[in-house]
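These are the residues of each chain, in order.
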Amino acid sequence: MLAKWKLREVIVLSVLAVVFAVVYLLFLQLGTVLFGLFGLIGYDMIFGIWFIVSIIAAYIIRKPGAAFLSETVAATVEVMLGNAVGPQLIISGMIQGLGAEAVFAATKWKNYSTWVLMAAGMGSSVFSFAWGFYVSGFAALSPGYVTAMFFVRLVSGALLAGLLGKYLSEGLAKTGALSSFPLGKEHKRNVTV
Amino acid sequence: MSLHEVNPSIKAFAVVISILILSLFFDPITPLLTIIWAVSITFIFGRISFKKWILLFAPFLFIAIIYVWSTMLFPRLHAGDSVIWKWGFLTLTAEGFQRGVSLGLRVLSFATLSIMFTLTTKPTDFLLSLMQQCKLPPKLAYGIMAGYRFLPLIKEEFQTLQNAHRVRGVARARTIPEKVKQIKRYVIPLLAGAIRKAERTALAMESKGFTGDKNRIFYREITVSRIDWLFFTLMIGAVLLSTFISWKLGYLQFYNGEL
């Protein structure tokens, strides 16, 4: 998968993943507070933030595998930073990354419009929910409650991952730091035209 | 034998597979026995200070309690469940209570296994092992290591930004919209700086002859020995033994595809 990648792209992807691994760990604490206030559904409200690096990396680099790899690396770094969720987090990261990657794959990695980015966030929501259903034993909960959790997570994925990811990436493009990446080039074209 | 010396990838797989097995069951005994096993292993073979351990474990106690009440308040009702208490839309059944406790114990069993891994594994060893045993491409592995080394630099940059804002008289954010703006003021420059640094690092790596070729030798080799496989077998064996004991006691309950 990485054979067609330039080293520059791989390192930028890794660095994005490292930065967001720290962000993810901070949000884990916020998540626990919401969890305490609202129960299981508390996590779902901000679940989208945990998919954001997929959206940002795919939107900036625009290569097959960007969404999957960035999320997987972010999860690996979270484990390296010594968070107590442990190595199964890497599996969760892979599954979330696959959810977003599936949506980008459906457009043959060509379309990065707002709708596709939001759909990619929702893709991660769907995949991660299926995984959570098994690992966290949602089957013991009432179907109505589980359905509510699912829809909250879907919205969260679309907004906190899709829209917020797009917004942050465009803010980055404005600084000129992305001038050698597709998003930066696109931004430059739009400004000069 | 010390847990610190077990191959990190094998240790990680042992934890992940144990968790996958534990997720199959909805009974309190299996996770409870696993917790006892994981905690004993951690303290006997890990030489971990109790203070460190409890600091990581305590948040999970809280999470487990929330799991129990979420499952108790919103249980999946089955025909024939014995109702203990009913008030409005809330129904507490004996079976619901047992499933709630099982899920809470499941959270704790995951936590004890994970903490065993976290407290006995060095981050760089884990990455080296992923590259040498699990075929993680060197391009990505060294990329992650480079990124990992950026963290202290990014922290420094964050403090510089903070000071710069203060010198220029940016007021402290109080309301929520102000705080959102403040986060943006930090996040974009920090990310831009990180991306620029990443591009320079890639250039430096290439100019020093790094090709990312998979046929390479390593300065530090992480090996797999028989003890590693013994550890793996023991860990999986213990989880299977827990389920067996639970089955003998008549508690075992499978996940039977309910949606």
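Residues numbered from 1 in each chain as written. Chains lettered and ligands numbered in written order. Predicted model: local features only at pLDDT ≥ 70, side-chain atom pairs only at ≥ 80, totals over all residues.

## Focus on the overall build of chain B
Right, on to step 1. Scanning chain B for helices and strands turns up eight helices and two strands.
Right, on to step 2. Along chain B, helices (α) and strands (β) appear in the sequence α-α-α-β-β-α-α-α-α-α when read from the amino end.
Right, on to step 3. Each principal axis of the C-alpha atoms in chain B carries an extent, and together these give about 70 × 60 × 35 Å.
Right, on to step 4. Counting the 259 residues in chain B, one finds 34% classified as buried.
Right, on to step 5. Restricting the contact set of chain B to residue pairs at least 6 apart, pairs at least 24 apart contribute 82%. (Helix = DSSP H or I, 4+ residues; strand = E, 2+ residues; numbered from the N terminus. Buried ≥ 20, exposed ≤ 12 C-beta atoms within 10 Å, placed from the backbone. Contact = placed C-beta atoms within 7 Å.)

## Details of the domain arrangement of chain B
Right, on to step 1. Considered domain by domain, chain B is made up of domain 1 (3-122 + 223-248) and domain 2 (146-207).
Right, on to step 2. Here domain 1 of chain B and domain 2 of chain B have C-alpha centroids that lie 39 Å from each other. (Domains from an automatic or database assignment.)

## A short note on the interface of chain B and chain A
Right, on to step 1. Contact with chain B, which involves 57 residues of that partner, is made by 43 residues of chain A.
Right, on to step 2. The dominant element in the side of chain B that touches chain A, judged by the number of residues it contributes, is helix H7 (residues 176-207) of chain B, at 14 residues.
Right, on to step 3. Broken down by class, the residue content of the side of chain B that touches chain A amounts to 39 nonpolar, nine polar and nine charged. (Nonpolar A, V, L, I, M, F, W, Y, C, P; charged D, E, K, R; others polar.)

## Thoughts on H7(B)
Residues that lie three or four places apart on an α-helix share one face, since the helix turns once every 3.6 residues.
Right, on to step 1. For H7(B), which comprises 32 residues, the first-to-last C-alpha distance of 47 Å matches the rise-based estimate of 46 Å (1.5 Å per residue) to within 8%.
Right, on to step 2. Buried residues of H7(B): Leu191(B), Ala194(B), Ile195(B), Lys197(B), Ala198(B), Glu199(B), Thr201(B), Ala202(B) and Met205(B), and no others.
Right, on to step 3. Buried residues belonging to H7(B) abut helix H1 (7-38) and helix H7 (143-175) of chain A together with helix H6 (138-167) of chain B.
Right, on to step 4. Of the residues one or two after H7(B), Gly209(B) is the one with positive phi, at around 95 degrees. (Expected span 1.5 Å × (residues − 1).)

## Quick word on the confidence of the model for chain A
Any residue range with low pLDDT should be treated as having predicted coordinates unsuitable for detailed reading.
Right, on to step 1. Overall, the predicted model of chain A reaches an average pLDDT of 91, with 99% of residues at or above 70.
Right, on to step 2. Ranking the elements of chain A by mean pLDDT puts helix H8 (residues 182-192) of chain A last with 84 and helix H3 (residues 52-61) of chain A first with 96. (pLDDT = per-residue confidence, 0-100.)

## Things to note about the packing of helix H4 (residues 66-80) of chain A against helix H5 (residues 88-106) of chain A
Residues and elements named next belong to chain A.
Right, on to step 1. H5 packs onto H4 with a crossing angle of 165 degrees between their chain directions and a minimal axis gap of 7 Å. Taken together, the axes of H4 and H5 are roughly antiparallel relative to one another. Crossing handedness for the pair H4 and H5: right-handed. Listed contacts from H5 to Ala67, Phe68, Ser70, Glu71, Thr72, Ala74, Ala75, Thr76, Glu78 and Val79 of H4 are Leu89, Ile90, Ser92, Gly93, Met94, Gln96, Gly97, Leu98, Ala100, Glu101 and Phe104.
Right, on to step 2. Split by residue class, the contact of H4 with H5 holds eleven nonpolar, seven polar and three charged. (Axes fitted to C-alpha atoms, helices over the stretch in contact; angles between N-to-C directions. Parallel < 35°, antiparallel > 145°, perpendicular 65-115°, else oblique. Left-handed = near helix turned anticlockwise from the far one by under 90°.)

## So, the nonpolar core
Right, on to step 1. In terms of nonpolar packing, the biggest core is built from 122 residues, with Leu13(A), Leu16(A), Ala17(A), Ile55(A), Ala57(A), Ala58(A) and Ala120(A) touching the most fellow members.
Right, on to step 2. Tallying contributions element by element places H1(A) first for this core, with 14 residues.
Right, on to step 3. Beyond its immediate chain neighbours, meaning those up to four positions away, Ala17(A) contacts Val53(A), Ser70(A), Val73(A), Ala74(A), Val77(A) and Gly147(B). (Core = buried A, V, L, I, M, F, W, Y, C linked by C-beta atoms within 7 Å.)

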